[in-house]
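# Working through the structure, step by step
Listed below, chain by chain, are the residues.
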Amino acid sequence: MISAGKPGQKETTLVWLRDDLRIRDNPALHAATLRDGAVVALYVLDDESDGIRPLGAASRWWLHGSLERLGDALAALGVPLVLRRGRSREVVPAAAIAANAGAVYWNRRYGSAEAAIDRDVETTLTEHGCAVETFAATLLHEPWTLRPASGPHYRVFSPFWKAALDQGEPRKPLGAPDIRNRRAFPLDTDVLADWKLRPTRPDWSGGLAETWRPGEEGARDRLEDFLDGGLEGYAANRDRPDCHATSMLSPHLRFGEISPFQVWHAVRSGEPGNDAEKFLTELGWREFSWHLLFHNPDLASVNFQKKFDAFAWRDDRTSLEAWQRGRTGIPMVDAGMRQLWHSGWMHNRVRMVAASFLIKNLMIDWREGEAWFWDTLVDADAANNPASWQWVAGSGADAAPYFRIFNPVLQGEKFDPEGRYVRTWVPELEGVPDRMIHKPWKAGASGSGGDYPQPIADLGETRRRALSAFKDLPG
DNA sequence: TGTAGTTTCTG
DNA sequence: AGAAACTAC
């Protein structure tokens, strides 16, 4: 039972943090600071509740770093970060009671299992006389505020994004709160290290640590670096994996270390033009994915287009493993898969090429690829990941048509013309001349290096196989 | 944010 | 001959 407190006693406000691991532009935290009394932050590691998708290994690695940074930042504000593990429906009310909280605030989430948990927690807290307030923080547009004239939700990106833009400028970001010198009373907390979010025995995380700095400061630096060049050339170079033309903000956005509102206005305050529009459109795809997931909670497991349910995917563990390990013999695909394994990230263009190879050339179920990305990407996002895989498969909303099959050789020649990207991740190919770098099997004895494998699939043959198989889909 | 095969244009 | 345009998948 939460006591109303002695008359005049200032009540604690509990802020339940989830996918919003930042102190700036955090509406729930900000609102808590406007109240009298202490503020306590809570993070719950919940792998147990029904319908919750446990984090992949790369995401767990990231979470550790992000919580570490967040704990420091909150401590500097005089806000303790309390860590608890277990079912949110029980853990959150228990923490609220222990903190003698008069109010619990959080920023909304949009997965169906998560939203159901949040509704139940709200009910329980309200029954205990605890005030609950929730805020919009993670998406520019609440998924239910955008509605097409007909149908339950948008299925095509362009009209969706047009409707979003018609809603006007997103709100301005909030600054950092300042709430020092309010005494919170001490609450039991888990020790982060005990959660064992980071690998121990074989520590595969070296490449992640080289590449990333989880946390709000790392996010801000990444955004500043990206905007320093004024976005110049983004539209032209964003498809070039051999250039540093993309923002690499995805994992920071995923964990809410930076908000889309901050990104939006940072971009808007710069030079307007095609580069800025193009980049903001990428935020739009993120919004679209969440719009789709909100209206289709099983997006990660069920074909958006039902006619794909009948499709006979190939069961081929050997090829799947070759793909996962970057040993398909197709340089562009292997470079991407190795970049992913090493750094927890893959360039967007290469994601499309690697996914297309798995789905179309190998004809392996897109869910296998989605699951691998979920485990290995630091930006693994519950909406973006399945929406994008279904996009490539052709089973999704506004998806690429079945006959759009990427040729990894042509894609390589177009977007990695000197093979710099491929050579970075596939060192066996170092000695192959530029002309042959994306098709070393044709280089003969002069070229292909060491123990680099022969292609596990003939691109032409498997393309024709996919075309005829997908053509047989009903409708 | 497709490819491949074919036709048509151009120097 | 090679680019550009066109079209089916």
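Just so we're clear, the structure is a prediction, and the values are computed from it rather than from any experiment. (Residues numbered from 1 in each chain as written. Chains lettered and ligands numbered in written order. Predicted model: local features only at pLDDT ≥ 70, side-chain atom pairs only at ≥ 80, totals over all residues. Heavy atoms only, no water.)

## Let's talk about the domain arrangement of chain A
The domain boundaries assigned to chain A delineate domain 1 (12-137), domain 2 (139-170 + 215-295) and domain 3 (306-470). Computed from C-alpha atoms alone, the centre-to-centre distance between domain 2 and domain 3 is 25 Å. Listed as interface residues are 21 residues of domain 2 and, on the opposing side, 23 residues of domain 3. Across the domain 2/domain 3 interface, buried area totals approximately 1900 Å², and carbon plus sulfur atoms make up 58% of it. Interface area lost by domain 2 to domain 3 is led by D239, P241 and D242, which between them contribute 31%. (Domains from an automatic or database assignment. Contact = heavy atoms within 4.5 Å. Buried area = accessible area lost by both parts, 1.4 Å probe.)

## Looking at helix α15 (residues 366-376)
Every buried residue of α15 is listed here: W366, G369, E370, W372, F373, W374 and T376. On the buried face of α15, the contacting elements are α2 (57-77), α12 (317-325), α13 (331-343), α14 (348-361) and α16 (384-393). The backbone nitrogen of R367 has a side-chain oxygen 2.9 Å away, supplied by the residue at the start of α15, namely D365. (Buried < 20%, exposed > 50% of the residue type's maximum accessible area, 1.4 Å probe, protein only. Helix = DSSP H or I, 4+ residues; strand = E, 2+ residues; numbered from the N terminus. Polar contact = N/O pair within 3.5 Å; in protein donor to acceptor, adjacent residues only side chain to side chain.)

## So, the pattern of salt bridges
A full pass over the atoms with the stated rule returns 31 salt bridges. E370 is the partner of R53 in a salt bridge, and the nearest nitrogen-oxygen pair spans 2.8 Å. One end of the pair, R53, is in the loop between β2 (39-45) and α2; the other, E370, is in helix α15, and 317 residues separate them in sequence. In this structure R53 comes out as partly exposed when scored by relative accessible area, which is 30%. On the basis of relative accessibility, which here comes to 1%, the residue E370 falls in the buried class. As a salt-bridge pair, E413 and K439 come within 3.3 Å of each other at their nearest N and O atoms. Here K439 lies in the loop between α18 (420-425) and α19 (459-471) and E413 lies in helix α17 (residues 408-415), a separation of 26 residues in the sequence. Look at the salt bridges and you will find they share partners, linking R238, D239, E282 and R349 into a network. (Salt bridge = Lys/Arg side-chain N within 4 Å of Asp/Glu carboxyl O.)

## Observations regarding the side chain of H153
Along the chain, the position of H153 falls in the loop between β5 (131-135) and α5 (157-166). The class for H153 is buried, based on a relative accessible area of 6%. Polar contacts involving the side chain of H153 include one to the side chain of N296, which spans 3.3 Å. What H153 contacts, discounting residues up to four positions off in sequence, is P148, H291, L292, H295, N296 and F304.

## Here's the deal with the protein's contact with DNA strand B
Around DNA strand B, the structure places 13 residues, and the nearest of them are W285, R404, I405, N407 and L410. In the environment of DNA strand B, a sugar or linking oxygen lies 3.4 Å from a nitrogen or oxygen atom belonging to the side chain of R349. Here a base nitrogen of DNA strand B and a backbone polar atom of F403 are 3.2 Å apart. If one sorts the elements of the surface near DNA strand B by residue count, α17 sits on top with four residues. Partitioning the surface near DNA strand B into residue classes produces seven nonpolar, two polar and four charged. (Near = heavy atom within 4 Å. Nonpolar A, V, L, I, M, F, W, Y, C, P; charged D, E, K, R; others polar.)

## Some words on α2
Given a rise of 1.5 Å per residue, 21 residues ought to cover 30 Å, and the 31 Å separating the end C-alpha atoms of α2 matches this to within 8%. Looking at the residues trailing α2, positive phi occurs at G78, about 85 degrees. (Expected span 1.5 Å × (residues − 1).)

## Details of the UniProt feature "site: Electron transfer via tryptophanyl radical" (unreviewed entry) in chain A
Here the UniProt-annotated "site: Electron transfer via tryptophanyl radical" (unreviewed entry) positions come out as W313, W366 and W389. Of the residues named above, W389 line the largest pocket. Among the structural elements, W366 can be located in helix α15. Note on W366: relative accessible area 0%, which makes it buried. Aside from chain neighbours lying at most four places away, what touches W366 is L299, A300, S301, V302, N303, W313, I359, W389, Q390, A393 and S395. Tracing the chain through its elements places W389 in helix α16. Given a relative accessible area of 2%, W389 falls into the buried group. Apart from residues lying up to four places away in sequence, W389 is in contact with W323, A355, L358, I359, W366, G369, E370 and F373. (UniProt positions renumbered as here; feature names shortened; annotations may be inferred. 1 Å grid on protein atoms, 1.4 Å probe; cavity = no way out; pocket = protein on both sides within 12 Å on 5 of 7 lines; lining within 4 Å.)

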